[in-house]
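Observations on the three-dimensional arrangement
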Amino acid sequence: MIEPLLMTAARILTFDGLRPLTNASGFFFRRDGRLFLVTCRHVLIDERSRHFPDRIEIELHIDADDMGQSTGFSIPLYREGAGVWREGADGGGRVDVAAIQLDLAALPPTLACRAFTPAHIPAPSEVEIGATVLIAGFPLGFHDTLHHLPIVRQAAVASSFG
């Protein structure tokens, strides 16, 4: 059985046309019947480094019984000249978070993934400095090449959760 946390992460590849640019990590988030891919804003656009991909591709598992089965799913980043993502902000302004709503009808019918939901978001009082956390992702493109799963690192919360 695959640990559910591993199924929440998505490997992201950025492209300019057919030219590959970068690797990144994201995760799935479900709310009100909608499915989102959440990643860092700088994965989708980064003016400072002149990173302007026009699409991303995520790797999706398509067989819950065989995690070695996956497919690429391409997501255009612009529609009619406007970015398709939503950006995060807090009291201090824009934060390095972006979410793209995925078209459920376009996803493979045998999609095998897990998504976080609002129920997974802890109250600020529940997250203290020093709390242990697990982080699943694809740093520098590293991953389990047999099953196409993320690597997991253990960390600790280093600052107050706002």
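Please refer to the structure higher up on the page.
The sections below set out a description of the structure shown in this document. Per chain, residues are indexed from 1 in the order of the written sequence. Local features are withheld for residues below a pLDDT of 70 in this predicted model, meaning they are given only at 70 or higher, and side-chain atom pairs are given and counted only at 80 or more; totals for whole chains, interfaces and linings count all residues. The basis for every side-chain value is the complete set of non-hydrogen atoms in the structure, without hydrogens or water.

Should DSSP find at least two bridges between two strands, the strands are taken to pair. Every helix listed is a DSSP run of H or I at least four residues long, and every strand listed is a run of E at least two residues long, numbered separately from the N terminus. Taken together, 7 strands build an open sheet; the order of strands is β5-β4-β1-β2-β3-β9-β8 and the sheet is antiparallel. Each having just a single partner strand, β5 (70-76) and β8 (86-90) make up the two edges of the open sheet. Sheet twist, expressed as the average angle between the axes of neighbouring strands with direction ignored, equals 35 degrees. In the sheet, strand β1 (residues 9-16) pairs with strand β2 (residues 19-31) via 7 bridges, with the strands oriented antiparallel. Considered in β2, the bridge of Asp16 is made with Arg19. Interaxial angles span 0 to 180 degrees and are taken between N-to-C directions of axes, which are lines fitted to C-alpha atoms, for helices over the stretch in contact.

A separate point is the packing of aromatic side chains. Stacked, tilted and edge-to-face are the three classes applied to pairs of Phe, Tyr and Trp rings, where Trp contributes its six-membered ring and a pair requires centres within 6.5 Å; stacked means planes under 30 degrees apart, edge-to-face means over 60, and tilted covers the rest. Inspection of the entire model under this criterion finds 2 aromatic pairs. Ring centres of Phe27 and Phe116 lie 5.7 Å apart, and the angle between their planes is 85 degrees; on these two criteria the pair is classed as edge-to-face. On the criterion of sequence distance, the pair formed by Phe27 in strand β2 and Phe116 in the loop between β9 (93-102) and β10 (132-137) is long-range, its members being 89 residues apart. When accessible area is computed with a 1.4 Å probe and restricted to protein chains, residues below 20% of their type maximum are described as buried, those above 50% as exposed, and intermediate ones as partly exposed. Given the relative accessible area of 32%, Phe27 is considered partly exposed. Ring centres of Tyr78 and Trp85 lie 5.5 Å apart, and the angle between their planes is 80 degrees; this geometry places the pair in the edge-to-face category.

In the sheet, β8 pairs with β9 via 4 bridges, with the strands oriented antiparallel. Across the sheet, Arg86 pairs through a bridge with Ala99, a residue of β9. What sits between β8 and β9 in their antiparallel hairpin is a turn of 2 residues.

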